[in-house]
Amino acid sequence: MLTNAQTTYKIPEKARKIIDSTYQALLKKNKAVGVSIAIVENGEIVYATGYGFADIANKVPATEQTIYRIGSCTKSFTALSIMQLQEKGLVDVKQSVKTYLPELTIQSRFNDTNTIVIDDMLRHVSGLPCDITNGFYCDSPPDMKWVIQQLNQQTTMSPKRYTRAYSNVAYGLLGEVISRTSHSTYEQYINEHIFKPLNMQSSFITYEEKWAGKYAKGYRGDKETRDPMIRDVAAGLIHSNVVDMSQYLMMYLNKGSYNGVQLASSQSIADMEKSTNEDVVLPDEEKWGYGLYTSDVMLKKGNDSSTMQLIGHGGDTYIYHADFKIIPDRNIGAVVLTNNGGGARMVSASKLLKVYLQETKGDTLIVNPESVRKAKKKAPADSICSGQAVIGKYNLGSFVIPVANEQRTSFKQGPVKVVFKRNAVDTNWYDAKAVLFKIIPIRIKDQRFKFVTKSDKTYMKVMFTKSKAEEYMAVRSTLSPISNTWKNREGTYKVIGNVYGCKDCSFMNFDGLKMILSEEDGVLKMKTEGKSDDTKSSLYLDIVSDNIAVGGGIGRGTGETVRILENGNIYYSGFEFTRMK
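To keep things clear, this report deals only with the structure shown in the data block.

Thresholds, definitions, all that
Residues numbered from 1 in each chain as written. Predicted model: local features only at pLDDT ≥ 70, side-chain atom pairs only at ≥ 80, totals over all residues. Heavy atoms only, no water. Helix = DSSP H or I, 4+ residues; strand = E, 2+ residues; numbered from the N terminus. Rg over C-alpha atoms; globule rule 2.2 N^0.38 Å. Buried < 20%, exposed > 50% of the residue type's maximum accessible area, 1.4 Å probe, protein only. Lys, Arg positive; Asp, Glu negative; His and termini not counted. Charge placed at Lys NZ, Arg CZ, Asp CG, Glu CD. 1 Å grid on protein atoms, 1.4 Å probe; cavity = no way out; pocket = protein on both sides within 12 Å on 5 of 7 lines; lining within 4 Å. Points joined across faces, edges and corners; volume = space filled by probe spheres on them. Nonpolar A, V, L, I, M, F, W, Y, C, P; charged D, E, K, R; others polar. Patch = residues over 30% accessible without salt bridge, like charges linked within 9 Å, V, L, I, M, F, W, Y side chains within 5 Å. Areas by Shrake-Rupley, 256 points an atom, 1.4 Å probe, with all protein chains shown as cover. Salt bridge = Lys/Arg side-chain N within 4 Å of Asp/Glu carboxyl O. Pairing = 2+ DSSP bridges. Axes fitted to C-alpha atoms, helices over the stretch in contact; angles between N-to-C directions. Parallel < 35°, antiparallel > 145°, perpendicular 65-115°, else oblique. Left-handed = near helix turned anticlockwise from the far one by under 90°. Contact = heavy atoms within 4.5 Å. Core = buried A, V, L, I, M, F, W, Y, C linked by side-chain atoms within 4.5 Å.

This part covers the overall build of the protein chain. When its secondary structure is counted, the protein chain shows 13 helices and 35 strands. Taking 581 residues into account, the globule formula puts the C-alpha radius of gyration at 25 Å, and the protein chain, at 24 Å, falls close to it. Referenced to the eigenvectors of the C-alpha coordinate spread, the extents of the protein chain come out at roughly 70 × 55 × 50 Å. A burial count over the protein chain gives 55% of its 581 residues as buried. The averaged location of the 62 negative side-chain charges in the protein chain is 6 Å from the averaged location of its 75 positive side-chain charges.

The next thing to look at is empty space enclosed by the protein. Scanning all chains against the criterion turns up two cavities of 30 Å³ or more. Of the pockets and cavities examined, the largest cavity occupies roughly 90 Å³. Looking at the largest cavity, it is lined by 13 residues, and the ones nearest its centre are Val125, Arg164, Thr276, Asn277 and Val280. By volume, the second largest cavity is sized at about 40 Å³. Residue lining of the second largest cavity: Asp131, Gln154, Glu560, Thr561, Tyr572 and Ser573, and that is the complete set. Across the lining of the second largest cavity, the residue classes tally to one nonpolar, three polar and two charged.

Next up on the list: a positive patch on the surface. A cluster of basic residues, Arg408, Lys412, Lys417, Lys421 and Lys433, forms a positive patch at the surface. Elements supplying a minimum of two residues to the positive patch: β22 (408–413) and β23 (416–422). Looking at lysine 421, the relative accessible area reads 52%, which means it is exposed.

This paragraph deals with the pairing of strand β15 (residues 304–316). Sheet analysis places strand β14 (residues 293–301) next to β15, joined by nine bridges and oriented antiparallel. The partner of tyrosine 293 across the bridge, within β15, is glycine 312. Two successive antiparallel strands, β14 and β15, enclose a turn made up of two residues, where glycine 302 displays a positive phi of approximately 65 degrees.

Here isoleucine 440 lies in strand β25 (residues 440–454). Under the relative-accessibility criterion, isoleucine 440 is labelled partly exposed at 39%. Placed 24 residues apart in sequence, isoleucine 440 and valine 416 show a C-alpha to C-alpha distance of 9.3 Å.

A word on the packing of helix α2 (residues 74–87) against helix α9 (residues 266–273). At a closest axis distance of 10 Å, the pairing of α2 and α9 adopts a crossing angle of 140 degrees. In terms of orientation, α2 and α9 fall into the oblique class. Between α2 and α9 lies a crossing of right-handed hand. Within the contact between the two elements, α2 uses Ser76, Ala79, Leu80, Met83 and Glu87 and α9 uses Ser268, Ile269, Asp271 and Met272. When grouped by side-chain class, the residues that make up the contact of α2 with α9 number five nonpolar, two polar and two charged.

Turning next to the nonpolar core. With 110 residues, the main nonpolar core has Phe77, Ile118 and Tyr248 as its most contacted residues. Among the elements that take part in this core, helix α8 (residues 242–253) stands out by supplying nine residues, more than any other. With sequence-adjacent residues up to four places away left out, phenylalanine 77 is seen in contact with Ile70, Tyr186, Ile190, Ile194, Phe195, Met200, Ile238, Met245 and Tyr248.

Below, the discussion takes up unusual backbone geometry. One non-glycine residue, isoleucine 116, lies in positive phi territory at about 55 degrees. Note that isoleucine 116 resides in the loop between α2 and α3 (118–122). Judged by relative accessible area, isoleucine 116 falls into the buried class, the value being 2%.

What is shown is where atoms sit, not what they do.
Spelled out as structure tokens, the structure:
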């Protein structure tokens, strides 16, 4: 049985019915449990409702009052807090985070200043590691003092402003900056300086029993499952409902003001929304400001069209999924919150805005339109690479692509053999196909590949054929081969010391965690195996020195440090492993 509970709407009945029928159909199609939505326009909530269930067993419907964890949408609250503190002269985003956290001594293995500027952290281009796996999701998280200690055993994953690499741990550190400079906890600061002035009465960080009747239970499929704590609180632990989040959106649409209270200056809001990657060595087509993501959109009505920006942030935990978006030029926004994996496939706030604009204004919303993308695309700074410069190994972290022939190359990824072959017409590009179990050919239609030169290095790039967006995948490896020192360390290791995980969850359960270090086709490979599936991974390493190796690839989840400790044990992502006898 699907339920729909609504109490608030100020839109035409026909539009409301179409929105309801659209989301009821999406709920059923995606096997979602509960979804809540809200739309704001011109300073008020024009529609807010819920579909499905907040609690299946007790048949509690999802409504606009239902509370969900909003995950990484939290990062925008963290960025807003930093801007507030900057206005008070307590923080300067152009300063190094080490100014505020002097005990942070993480080393760089690159020829850069290793300053780790707050501005770069807010934009995910600081070069800090993306995550520390041990303790990120767990029952009893360690504190930020422990996190800083772990970072001090690692190296930065890339030079600053080299590439965008989404970093939860960077935002965890920013939460600590907020706490120290405001002389309060992160939670106290958010409550006092954001929740209260915005009248967000159903928003919180630490769960209390008083929320039990309003908080959506989490589900994997239709099985009730709890979401564990998140260690990096400032990266993803806020809980809210669509009504409270609507008030948050209206503050942005009103340039930092809500109900006569100016939470941040219009300039600070503009700084948050401003996105740039012009100072990044390997830019991609995604655009990030401070805790906010920006896309180009086009609104069309008949033969008329106008281009503007869509701004917001999404949030995903193991259980809960969230998204909010605003179009400042139209003074409009939307938020969608859900409580299971099926909801993740229908959580797009852009889609909600698209339906609303079509049914109430007759406008067609097009996100990242091709005409705008082409108009804004600048001449590439890199150039096509060919000949011997292409030949080599490209370590993507989860697998390695060995290129021995400029015209055609192949590699294995599990049971699949992947073949790259130069396109006969457009010779700059390589087409790809996969062969499953040596007999089933599968053409890869949505991706093409090429090799380019930039800053005297050869990179592999992928183009997604539908959007025409391009991304750097890997750099041709120029690091040392496996030394005898590392060969002697090959073997099986078990985890020791403090392990922070989720004991009774089907994820992040590190019971019996093992690490296997081995050689595969001349590349050092690290494999982890724990109790839950998400603890099982393979990481191909590039050797930096006799004591440090790093994961391959470019962007999020790459460049992880594997370090040999003084006692001979191996350190990786917050874990210490000792060789098994």
